[in-house]
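Structure assessment
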2 protein chains.
Amino acid sequence: MDNPKADMQERVILREVGLRDGLQILPEVMPTQDKLAWLSGAYACGLREIEVGSFVPPARMPQLADTSTLVQHALQLPGLTVSVLVPNLKGGIAALASGAHALLFPVSASQAHSMANLRKTPQQAVADVAAIRAERDSAGSACAIEVGISTAFGCTLQGEVRAETVVNLVQEALLAGADKISLADTVGYADPRQVSELFEMMEKVAPGRVVAAHFHDTRGLGIANVMAAYTIGIRRFDSCLGGLGGCPHAPGASGNVSTEDMAYLFARMGVATGVNVEAVLALRQKLSGWLPNHTLYGHIAKAGLPKPATLEVVS
Amino acid sequence: MDNPKADMQERVILREVGLRDGLQILPEVMPTQDKLAWLSGAYACGLREIEVGSFVPPARMPQLADTSTLVQHALQLPGLTVSVLVPNLKGGIAALASGAHALLFPVSASQAHSMANLRKTPQQAVADVAAIRAERDSAGSACAIEVGISTAFGCTLQGEVRAETVVNLVQEALLAGADKISLADTVGYADPRQVSELFEMMEKVAPGRVVAAHFHDTRGLGIANVMAAYTIGIRRFDSCLGGLGGCPHAPGASGNVSTEDMAYLFARMGVATGVNVEAVLALRQKLSGWLPNHTLYGHIAKAGLPKPATLEVVS
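Residues numbered from 1 in each chain as written. Chains lettered and ligands numbered in written order. Predicted model: local features only at pLDDT ≥ 70, side-chain atom pairs only at ≥ 80, totals over all residues. Heavy atoms only, no water.

With that settled, the discussion passes to the overall build of chain A. Broken down by element type, chain A carries twelve helices and eight strands. Over its C-alpha trace chain A gives a radius of gyration of 18 Å, about what one expects of a compact globule, namely 20 Å for 315 residues. C-alpha atoms of chain A, sized along the principal axes, occupy 50 × 45 × 40 Å. With 315 residues in all, chain A has 61% of them scored as buried. Per element, the accessible surface of chain A, about 11100 Å² overall, is 54% carbon and sulfur. (Helix = DSSP H or I, 4+ residues; strand = E, 2+ residues; numbered from the N terminus. Rg over C-alpha atoms; globule rule 2.2 N^0.38 Å. Buried < 20%, exposed > 50% of the residue type's maximum accessible area, 1.4 Å probe, protein only. Areas by Shrake-Rupley, 256 points an atom, 1.4 Å probe, with all protein chains shown as cover.)

Encoded structure:
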């Protein structure tokens, strides 16, 4: 393990995924106008990487049917990296056509989750990645292809997911043409020790290619897991405004690590994210107006900032 | 920073402080019978260090007026380390007379908090420690004297607390005769980086003497702070069943790191605490019956254990 202070000042990227991961499990469809306000608001907070939606069949996920509109709006915001999720080749082609800067293709490390979520084996999903890569290269697109390894730390359906399974899948995804990899604790099973060990293993088998982490705070270990990954050098983390994105199988449990808590964590430690914590807290207030029927999660919004209550925005 | 895996298997002690820290800010007085059931229940869960109360004037804190009864009961439980909090010399004498194995004397690093809490400067509090040490030595008691540095990471009254202030106070407390020191984030201001830095500093100025940490989860960083302290070698942590112990100035915010979450964290990582997580979750259910008017905090109770839902008790 590296000394965490050696590069404490190295910039961290918070990638807001609420517009995709947060909204996809809600029963209602957020009006496009509210989504655009959220997107602009997140940008105004200093967030510079935003997953704006997913190119999935609208019939399957009407909540995200306006993804194209969001991409077009997001592409107008200077310096913003616009990413979208895609679950198959068709979605990948749509993402390339949209002009998004990055696409995230989820591949489950759990066979059971992969079948339930994508109706494909992990290997079939990897074959889609190869097809998308071929499409991108023939189109001359600069869109980055990221494979997100879902259920990398365990699965509600099959329980344990072996580290070796994740390693093999990462290698297969890279061979298939993924530019980079992220590891996702889709169901909130990860613990800090496991996070350290898995990311360290990744650095050995695929140096510099596993660059981001996606944690849920379902069991209260989200921030500790972020710190474990940060300590060994990971510098990009997904988060959801208001801690949206909860697992439908864990009622009352929070979802993704909240953007507010994540921004507070790094600001408090003096690590640059460019994100204004107060502005994020104000945006959360707006979100609770847009989603009046949903509980928002996260700690800092409830407790308030420490005194002196001004946190410098470290850019 | 040490490699956390080097001594990953070294045993961690969870010190249950709910009977003191949890109850002292509640408006009602928990009946002694319920407290005794809680105490026995905590012991049955595998907890082997419990702070059972505080020797404070009953008029000032009627919630803890039965501390002597709890100490006597606790002393019957084989292998249990029984500790009490004392705020002054009189309390210290009572603690020594009670036969408790350890007493915790809080000394605030914040001048403002010290005056508000104990009506003494930190230096006057340290003088009390010296007096208690003299009493103990002349009584031939084996009671361990621990000084807990309150507000070691910041203070709601004065804001920042400088690390140098904490260092000086620790040295004064050791000179006054404290056997060991713990650092407390009384108001939930600490961040993982600060925790690493302050405990590393302690190890330099007082090697082996700063042995425990007390974190609140007020701003969601409690478990991450525990991990930061654990990573640099701290092996004793305070926790409260149900995450009781919230700061009255932060409505809706959780209090101490919950015993359930802490036990889950270490069990999930395979670190020995001797604590049975399922039993702690069952005891929490009883606690919610004893305190029907209070919100309990903590994540694992809401989300449930991961699959396979059996966590081995590592002893």
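Quick look at unusual backbone geometry now. The backbone phi angle of Thr151(A) is positive, close to 50 degrees, even though this residue is not glycine. Relative to the helices and strands, Thr151(A) is located in the loop between β5 (144-150) and α7 (163-175).

Our focus in this paragraph is the relation of the copies chain B and chain A. Here chain B sits on chain A after a turn of 180 degrees about the axis and a move of 0.0 Å along it, with an RMSD of 0.0 Å. The transformation relating the two chain copies, once decomposed into turn and shift, fits a two-fold axis. Proximity to the rotation axis, assessed at the C-alpha, singles out Ala224(B) in chain B; its C-alpha lies 2.0 Å from the axis. Taken together, the interface assignments show that 98% of the residues at the interface of chain B recur at the interface of chain A, consistent with an identical surface on both copies. (Least-squares fit on C-alpha atoms with pLDDT ≥ 70 in both. Contact = heavy atoms within 4.5 Å.)

The periodicity of an α-helix, 3.6 residues per turn, causes residues three or four places apart in sequence to face the same way. For helix α8 (residues 192-205) of chain A, with 14 residues, the first-to-last C-alpha span of 20 Å sits near the 20 Å given by 1.5 Å per residue. Listing the buried residues of α8(A) in full gives Pro192(A), Arg193(A), Val195(A), Ser196(A), Leu198(A), Phe199(A), Glu200(A) and Met202(A). On the buried face of α8(A), the contacting elements are α7, β6 (180-185), β7 (210-215) and α9 (222-231) of chain A together with α9 (222-231) and α10 (259-269) of chain B. Capping the start of α8(A) is the job of one residue whose side-chain oxygen sits 2.9 Å from the backbone nitrogen of Arg193(A): Asp191(A). (Expected span 1.5 Å × (residues − 1). Polar contact = N/O pair within 3.5 Å; in protein donor to acceptor, adjacent residues only side chain to side chain.)

What follows is about helix α4 (residues 89-98) of chain B. Residue and element names in this part refer to chain B. Taken as a whole, α4 has its buried residues at Gly91, Gly92, Ala95, Leu96 and Ser98. Seen from one end, α4 has its buried residues packed into an arc of 160 degrees, which puts them on one side. Relative to its buried face, α4 has exposed residues pointing more than 90 degrees away, namely Lys90 and Ala97. In this structure, the buried side of α4 is in contact with α3 (67-74), β3 (81-85), β4 (102-108) and α6 (122-139). Where α4 begins, the side chain of Asn88 points an oxygen toward the backbone nitrogen of Lys90, at a separation of 3.3 Å. One or two steps after α4, the chain reaches Gly99, where phi turns positive at roughly 90 degrees. (Arc of directions from axis to C-beta.)

This brings us to the interface of chain B and chain A. Every contact between the two is made by 43 residues of chain B and, on the other side, 43 residues of chain A. Carbon and sulfur atoms make up 59% of the surface buried where chain B meets chain A, a total of about 3500 Å² over both sides. Ranking the residues of chain B by area buried against chain A places Arg193(B), Arg219(B) and His299(B) at the top, with a combined share of 20%. The interface formed by chain B and chain A includes ten residue pairs in polar contact (both at pLDDT 80 or more). Contributions of two or more residues to the side of chain B that touches chain A are made by α8 (192-205), α9, α10 and α12 (300-303) of chain B. In terms of residue count, α8(B) provides more of the side of chain B that touches chain A than any other element does, five residues in total. Of the residues in the side of chain B that touches chain A, the class split is 21 nonpolar, eleven polar and eleven charged. (Buried area = accessible area lost by both parts, 1.4 Å probe. Nonpolar A, V, L, I, M, F, W, Y, C, P; charged D, E, K, R; others polar.)

Moving on, we get to the sheet that holds strand β1 (residues 13-16) of chain B. Residues and elements named next belong to chain B. Strands sit in the order β1-β2-β3-β4-β5-β6-β7-β8 around a closed barrel of eight strands; the barrel is parallel. Neighbouring strand axes in the sheet, compared pairwise and without regard to direction, differ in orientation by 25 degrees on average. Sheet topology places β3 next to β4; three bridges connect them, and they run parallel. Bridge pairing in β4 links Leu85 to Leu104. In this fold α8 packs onto β6 (180-185) and β7 (210-215), with an angle of close to 155 degrees to the strand it touches most, β7. (Pairing = 2+ DSSP bridges. Axes fitted to C-alpha atoms, helices over the stretch in contact; angles between N-to-C directions.)

Read these as layout, nothing more, since geometry by itself doesn't imply function.
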